[in-house]
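Okay, here's what each chain looks like letter by letter:
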Amino acid sequence: TRYSFFDKKDYVSSHQTRQNAGGTQRGLECPEERDYYPYWEPTLQGPYDAKYQRTPWIDAAYLGDTSNCRTVFKNSFNQNKKYRCVLDGARDYGKSIHEEGCTAEGGKWVSFESYLEVLEKVDTEEDCNKVAADNEVNQVVWRPLRSDSDEAKCIVKAPRPFCGRAATTRNNHLGNALTNPLYSSRFNLRLPHFPSGDTKRCVLRVRYNITTGDYDPKNTFADSNGDASPVTNDPTINILGDGDELGLTLAINTAQFGRTFQDRSHIFKVVPRTDAMAGQFLHNLNVRGQRGNIVQNYPSVEYDFV
């Protein structure tokens, strides 16, 4: 199903989720893809364009419960195909997220390839295999971008995402994390290698997921909707017991359980090295925070170099 537990309404659109029941959409994002990870469909931002090569979302890192790493690796679109129900028409897709439902809609169950880039100048399988043999960083393959096409291309696959523990901090703490040495919370991102040497325009998206302990998040599914929900909005409980009754209403909004927040405002370019940079170690100096003291800047931090 496309909806999550304790929803009273069966959502049939990817615009609606449990925490976004109104289907509010910002920019060109897919609210459903934003709120659920790993997502079950291709994260393509549009049809393939040889000039601009808009890629799917590439998973860089999963920081959290490391017991989920196997699931992350198995379901990341970086190196695993994703399927979608394709109907007649260039941009027509069915609502089904499984093959049986797609067949019932009269659609084709099509697999899509994720890619870091497509080497358009490499136009034969032989030449693509040579690139693959000389490349020690990327997996390079010769295959179609989707299973309903016979047009093969030289595809540079994205690397497997990093999976590890996030730094430990106090709740709502904006200072240093519990690390040695004492740094602020951070992740050292290894920039991908682009065999083409072309300049790439990139958007970095950071998602923060709050996992709740009010129900079993790994074993609660869509069959716990409606009356079967383990939690309800503003429940009234008896705080006395032993035959006495005194109802107390709890201020609970189930849409706030297990939420996902997102920041996708980080835009940058990856440019090829110049001849003068060859063999040199490059330092990327940036600033964080904003002007003012910590009280004025909250919830941001004061200016600093990173």
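Residues numbered from 1 in each chain as written. Predicted model: local features only at pLDDT ≥ 70, side-chain atom pairs only at ≥ 80, totals over all residues. Heavy atoms only, no water.

Draft legend 1. Seen up close, the overall build of the chain. Of the regular secondary structure elements, the chain holds 5 helices and 13 strands. Counting over 306 residues, the chain shows a buried share of 30%. Within the chain, residue pairs in contact and separated by at least 24 positions form 56% of the contacts whose partners lie at least 6 positions apart. A distance of 6 Å separates the average location of the 38 positive side-chain charges in the chain from that of its 40 negative side-chain charges. (Helix = DSSP H or I, 4+ residues; strand = E, 2+ residues; numbered from the N terminus. Buried < 20%, exposed > 50% of the residue type's maximum accessible area, 1.4 Å probe, protein only. Contact = heavy atoms within 4.5 Å. Lys, Arg positive; Asp, Glu negative; His and termini not counted. Charge placed at Lys NZ, Arg CZ, Asp CG, Glu CD.)

Draft legend 2. Structural detail: the state of the cysteines. Under the defined criterion, the tally for this structure stands at 3 disulfides. A disulfide bridge connects Cys-85 with Cys-102, and the sulfur atoms are separated by 2.3 Å. A torsion of 85 degrees about the S-S bond marks the disulfide between Cys-85 and Cys-102 as right-handed. Of the two residues, Cys-85 is situated in strand 2 (residues 82–86) and Cys-102 in helix 3 (residues 99–105); the sequence distance between them amounts to 17 residues. (Disulfide = S-S within 2.5 Å.)

Draft legend 3. Layout of unusual backbone geometry. Tyr-37 connects to Pro-38 through a cis peptide bond whose omega is -5 degrees. With respect to the helices, strands and loops of the structure, Pro-38 is situated in the loop between helix 1 (31–35) and strand 1 (61–63). Unusually for a residue other than glycine, Gln-53 sits at a positive phi of about 45 degrees. Residue Gln-53 is classed as buried on the basis of its relative accessible area of 11%. Of note in the backbone geometry, Asp-234 takes a positive phi value of approximately 45 degrees without being a glycine. You can see Asp-234 is positioned in the loop between strand 8 (200–209) and strand 9 (236–238). Residue Asp-234 is classed as partly exposed on the basis of its relative accessible area, which comes to 44%.

Draft legend 4. A look at the nonpolar core. Counting 10 residues, the largest nonpolar core consists of Leu-116, Leu-119, Val-122, Cys-128, Val-140, Cys-154, Val-156, Phe-194, Cys-202 and Val-270. If we skip the residues at most four places from it in the chain, Val-156 touches Tyr-115, Leu-116, Glu-117, Leu-119, Asn-138, Gln-139, Val-140 and Pro-195. (Core = buried A, V, L, I, M, F, W, Y, C linked by side-chain atoms within 4.5 Å.)

Draft legend 5. Spotlight on empty space enclosed by the protein. One pass over the full model with this rule turns up 1 cavity of 30 Å³ or more. In this structure, the largest cavity occupies an estimated 100 Å³ of space. Taken together, 14 residues make up the lining of the largest cavity; nearest its centre are Tyr-37, Tyr-39, Thr-43, Asp-59 and Phe-77. In terms of residue class, the lining of the largest cavity is built from 5 nonpolar, 3 polar and 6 charged. (1 Å grid on protein atoms, 1.4 Å probe; cavity = no way out; pocket = protein on both sides within 12 Å on 5 of 7 lines; lining within 4 Å. Points joined across faces, edges and corners; volume = space filled by probe spheres on them. Nonpolar A, V, L, I, M, F, W, Y, C, P; charged D, E, K, R; others polar.)

Draft legend 6. Spotlight on the environment of Val-118. Position of Val-118 relative to the elements: it lies in strand 4 (residues 117–118). Residues Val-118 and Asp-49, spaced 69 residues apart in sequence, show a C-alpha to C-alpha distance of 10.0 Å. Val-118 has contacts with Tyr-48, Gln-53, Leu-145, Lys-153 and Cys-154, leaving out every residue within four places of it along the chain.

Draft legend 7. Broad picture of the sheet that holds strand 5 (residues 140–144). Sheet architecture is open: 3 strands sit in the order 4-6-5, paired in antiparallel fashion. Strand pairing shows two members of the sheet lacking a second neighbour, strand 4 and strand 5, which therefore form its edges. In this sheet, strand 6 (residues 152–156) lies alongside strand 5 in antiparallel orientation, the contact comprising 5 bridges. Paired with Arg-143 across the two strands is Lys-153, which belongs to strand 6. Against the sheet, helix 4 (residues 125–134) contacts strand 5 and strand 6, and its axis sits at roughly 150 degrees relative to strand 5. (Pairing = 2+ DSSP bridges. Axes fitted to C-alpha atoms, helices over the stretch in contact; angles between N-to-C directions.)

Draft legend 8. The arrangement of a nonpolar patch on the surface in detail. Judged by side-chain polarity, Leu-63, Phe-162, Phe-187, Leu-189, Leu-191, Leu-204 and Val-206 come together as a nonpolar surface patch covering roughly 560 Å² of accessible area. With respect to the element layout, Phe-187 can be found in the loop between strand 7 (162–164) and strand 8. (Patch = residues over 30% accessible without salt bridge, like charges linked within 9 Å, V, L, I, M, F, W, Y side chains within 5 Å. Areas by Shrake-Rupley, 256 points an atom, 1.4 Å probe, with all protein chains shown as cover. Salt bridge = Lys/Arg side-chain N within 4 Å of Asp/Glu carboxyl O.)

Draft legend 9. Representation of the pattern of salt bridges. Applying the stated criterion across every chain, the model contains 13 salt bridges. Between Glu-33 and Arg-205 there is a salt bridge, with the nearest N and O atoms lying 2.9 Å from each other. Residue Glu-33 is located in helix 1, and its partner Arg-205 is located in strand 8; the two are separated by 172 residues in the primary sequence. The exposure classification of Glu-33 matches that of Arg-205, with both residues buried. A salt bridge links Lys-153 to Glu-151; its shortest N-O distance comes to 3.3 Å. Among the residues examined, Lys-153 registers a relative accessible area of 14% and is labelled buried.

Draft legend 10. Structural view of the packing of aromatic side chains. Scanning the model with the defined rule gives 7 aromatic pairs in all. Here Phe-162 and Phe-187 contribute two aromatic rings whose centre-to-centre distance is 5.3 Å and whose plane-to-plane angle is 40 degrees, an arrangement assigned as tilted. Highlighted residues: Phe-162 in strand 7 and Phe-187 in the loop between strand 7 and strand 8, separated in sequence by 25 residues. Classification of Phe-187 by relative accessible area gives partly exposed; the value is 34%. Among the aromatic side chains, those forming a connected cluster through ring pairs are Tyr-36, Tyr-39 and Trp-40. (Phe/Tyr/Trp six-rings, centres within 6.5 Å; stacked < 30°, edge-to-face > 60°.)

The values are spatial; any link to function lies outside them.
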